[in-house]
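# Breakdown of the fold
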Amino acid sequence: MKKNNYEMAIEEINFDCFYKLTQNVLNPTIFIAEPWINFLTKNVPGTPLAFKISFNGELVYTYGFITKKLGIKMFCSPFEGWNTPYIGFYSEKPIKDYSIIIRGLFKYLKKEYKIKYFEITDKNISLEELKNNKITYEVIKNMNYDLREDEETLFNKLPKQLRKKIRNYKHHDLDVVKAAPNNEFVKLYYDELIEVFALQKLKPFYSLEKVVSLFESFNQYQDNIVCYKSINTSTGEEIGTAIYFVYRDYALSFGSASFTSQKKTNMNHVIRWEAIKQFKSMGVTFFDFGGFNPYKSIFAPNIFLIPRVHISSIPLLFFFKQIAKHLVSLRRKIFKK
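As the structure is a prediction and not an experimental result, all values here were calculated from the model.

Below, the discussion takes up helix 7 (residues 183-198). What sets the pattern is the α-helix's 3.6 residues per turn: residues three or four places apart point alike. Here helix 7 contains 16 residues, and its C-alpha end-to-end distance of 22 Å stays within 8% of the 22 Å for a straight helix at 1.5 Å per residue. Residues of helix 7 that are buried include every one of F185, V186, L188, Y189, Y190, E192, L193 and F197, and no others. Contacts from the buried residues of helix 7 go to strand 8 (174-179), helix 8 (208-217), strand 9 (225-232), strand 10 (238-247) and strand 11 (250-258).

So, on to the packing of helix 2 (residues 34-43) against helix 8. Packing of helix 2 against helix 8 brings their axes to within 8 Å, and their N-to-C directions diverge by 140°. The angle between helix 2 and helix 8 places the two elements in the oblique class. Of the two possible hands of crossing, helix 2 and helix 8 adopt the one that is right-handed. Residues P35, W36, N38, F39, K42 and N43 of helix 2 lie in contact with helix 8, whose contacting residues are K210, S213, L214 and S217. A breakdown of the residues in the contact of helix 2 with helix 8 according to their chemical character gives four nonpolar, four polar and two charged.

The next subject is the side chain of N232. Inspection of the secondary structure assignment puts N232 in strand 9. There is a polar contact of 3.2 Å between the side chain of N232 and the backbone nitrogen of T235. Not counting chain neighbours up to four residues away, the residues in contact with N232 comprise D173, L174, E237 and I239.

One pass over the full model with this rule turns up 29 aromatic pairs. Residues W36 and F39 carry aromatic rings whose centres are separated by 6.2 Å and whose planes lie at 70° to one another, so their mutual orientation is edge-to-face. A residue pair is termed a helical-turn pair when its members lie 3 or 4 positions apart in one helix, as W36 and F39 do in helix 2 at three residues. Residue W36 is classed as buried on the basis of its relative accessible area, which comes to 0%. Each ring, one from F51 and one from F75, has its centre 6.3 Å from the other, and the planes form 65°; the classification is edge-to-face. Of this pair, F51 sits in strand 3 (residues 47-55) while F75 sits in strand 5 (residues 72-76), and the two are 24 residues apart along the sequence.

It is worth spelling out the confidence of the model for the chain at this point. Per-residue confidence for the chain gives a mean pLDDT of 89; residues scoring 70 or more make up 89%. Put simply, strand 1 (residues 2-3) is where the chain has its lowest mean pLDDT, 48, and helix 1 (residues 15-21) is where it has its highest, 98.

This part covers helix 2. For helix 2, the complete set of buried residues consists of P35, W36, I37, F39 and L40. Lining the buried residues of helix 2 we find helix 1, strand 4 (58-69), helix 8, strand 10 and strand 11.

Here the focus is the pairing of strand 9. A regular strand places its side chains so that they alternate between the two faces of the sheet. The buried count for strand 9 comes to seven of eight residues, which makes it a mostly enclosed element. Bridge count for strand 8 against strand 9 is six bridges, and the pairing is antiparallel. In the strand pairing of strand 9, D175 is matched with I231. Bridge count between strand 9 and strand 10: seven bridges; the pairing is antiparallel.

This part is about a positive patch on the surface. On the surface, a cluster of positive charge is contributed by K110, K111, K114 and K116. Secondary-structure assignment places K110 in helix 3 (residues 98-113). A relative accessible area of 38% means that K110 is categorised as partly exposed.

Time to look at unusual backbone geometry. You will see that N56, though not glycine, has its phi angle at about 50°, which is positive. With respect to the helices and strands, the residue N56 is situated in the loop between strand 3 and strand 4. The class for N56 is partly exposed, based on a relative accessible area of 42%. Phi is positive for K201, close to 60°, though the residue is something other than glycine. Within the fold, K201 resides in the loop between helix 7 and helix 8.

Counting 43 residues, the largest nonpolar core has F18, I30, W36, Y63 and F245 as its most contacted members. Every element with two or more residues in this core is listed here: helix 1, helix 2, strand 4, helix 7, helix 8, strand 9, strand 10 and strand 11. Per-element tally for this core: the top contributor is helix 7, with six residues. In this structure F18 touches I13, I32, I37, A50, Y61, T62 and Y63, once residues within four positions along its chain are discounted.

Applying the stated criterion across every chain, the model contains eight salt bridges. With a closest N to O distance of 3.9 Å, E119 and R308 form a salt bridge. Taken as a pair, E119 in strand 6 (residues 117-121) and R308 in strand 13 (residues 302-312) lie far apart in primary sequence, 189 residues in all. On the basis of relative accessible area, E119 is assigned to the buried category, the value being 3%.

Here is what the cut-offs are and how they apply
- Residues numbered from 1 in each chain as written.
- Predicted model: local features only at pLDDT ≥ 70, side-chain atom pairs only at ≥ 80, totals over all residues.
- Heavy atoms only, no water.
- Helix = DSSP H or I, 4+ residues; strand = E, 2+ residues; numbered from the N terminus.
- Expected span 1.5 Å × (residues − 1).
- Buried < 20%, exposed > 50% of the residue type's maximum accessible area, 1.4 Å probe, protein only.
- Contact = heavy atoms within 4.5 Å.
- Axes fitted to C-alpha atoms, helices over the stretch in contact; angles between N-to-C directions.
- Parallel < 35°, antiparallel > 145°, perpendicular 65-115°, else oblique.
- Left-handed = near helix turned anticlockwise from the far one by under 90°.
- Nonpolar A, V, L, I, M, F, W, Y, C, P; charged D, E, K, R; others polar.
- Polar contact = N/O pair within 3.5 Å; in protein donor to acceptor, adjacent residues only side chain to side chain.
- Phe/Tyr/Trp six-rings, centres within 6.5 Å; stacked < 30°, edge-to-face > 60°.
- pLDDT = per-residue confidence, 0-100.
- Pairing = 2+ DSSP bridges.
- Patch = residues over 30% accessible without salt bridge, like charges linked within 9 Å, V, L, I, M, F, W, Y side chains within 5 Å.
- Areas by Shrake-Rupley, 256 points an atom, 1.4 Å probe, with all protein chains shown as cover.
- Salt bridge = Lys/Arg side-chain N within 4 Å of Asp/Glu carboxyl O.
- Lys, Arg positive; Asp, Glu negative; His and termini not counted.
- Charge placed at Lys NZ, Arg CZ, Asp CG, Glu CD.
- Core = buried A, V, L, I, M, F, W, Y, C linked by side-chain atoms within 4.5 Å.

Here it is as C-alpha cells:
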C-alpha cells in the first residue's frame, strides 16, 4: 500500500523464518523466543501467524493468534495474565510511526481474515504518539530494573534493612539455591502458589498442567529458564520459589511464591537479589518485574506505562470484552475448599 508518502508491504512468514529474522532485533523479549512460541502454539486455541512488515525501507516483525470468541474473530493476546500481550513489534532499528504500522496491520487482518477486533501491546510504543494519532488504548503499569549499573550501586539503593537481610541470611540457617527446571520444582512452586492465592480467597488463574507444559517447551532451552528456591538449612524445609526467563539481554520475572508458614522469613526479596546478580553475570541489562506489585517496590524499580492498543470494527466491543474479563476475575474469587 502507498499513501501519504509512505510505503508498506505485509508478508506472512513461517515461524522458522521469524526466529531467524528476529535474531538481531532491538529490545528483544522472551516472547519471541522459539520455546515460548512453541508453548503458545500448543496451548492457544487459535491460528498462529507471523509477519514481516516492510515500512519505508525498514523491516518490522510481529506475530499473534487469530482466535474466535462468541463468534467474533480477534487478533489479540492469548494469555493476558502471562504477560504475552507484550509480544509487540520488533526491528533492528528504532521503529518510527507505530500508528501507521498498527492501522496497516489491522486493515490487512480485517481484509484477509475478517477479524473484528485487534489488540497488541508494546512497551516501546509512545503514549503520546497514540494519543496524537487518535488510536485507542488502555495503560498497563509495570516495573523494570536497569541492570547496566554496577552491582554495588544497585545494592546501595536497597533499604538498609534489606541490605542487612541479604548480608546475613546464611547466618540464620537460610539459603538460596538454583533449582533444576523440572516437574518436581513445578509441583513445589504450584503448591506454594495455591497458598499465596488462598490468603486472598482466590485460586490460581492458571493450572499446574499449563506450567508443566511451559517448562516442557523449554526442555531444550534450559539456558533461557532460571529457577531458584529458598530453604531452611537446619530443618530442610522449603520456603519459597521463583521462576525467571532470560533471552539475550532481557530477563522476565514469571512468578514467585512461598509457603504461608514461611512468610516471616521474607526470602522472596533475597531470591530476587540473587537472581539480579545472576542476570548481570549473563549480560542482562533489562529486568522486567513481570507486572506491577507494590510488594516489589522495595527495590525502587522504574515504573513505566505500557499501552495496550485496541481497534474494533464493532462499537462497544472493547467495553464488553472488559466486562467479560471482570466476570472471569469474579469467578476466580472462590474460596479454597
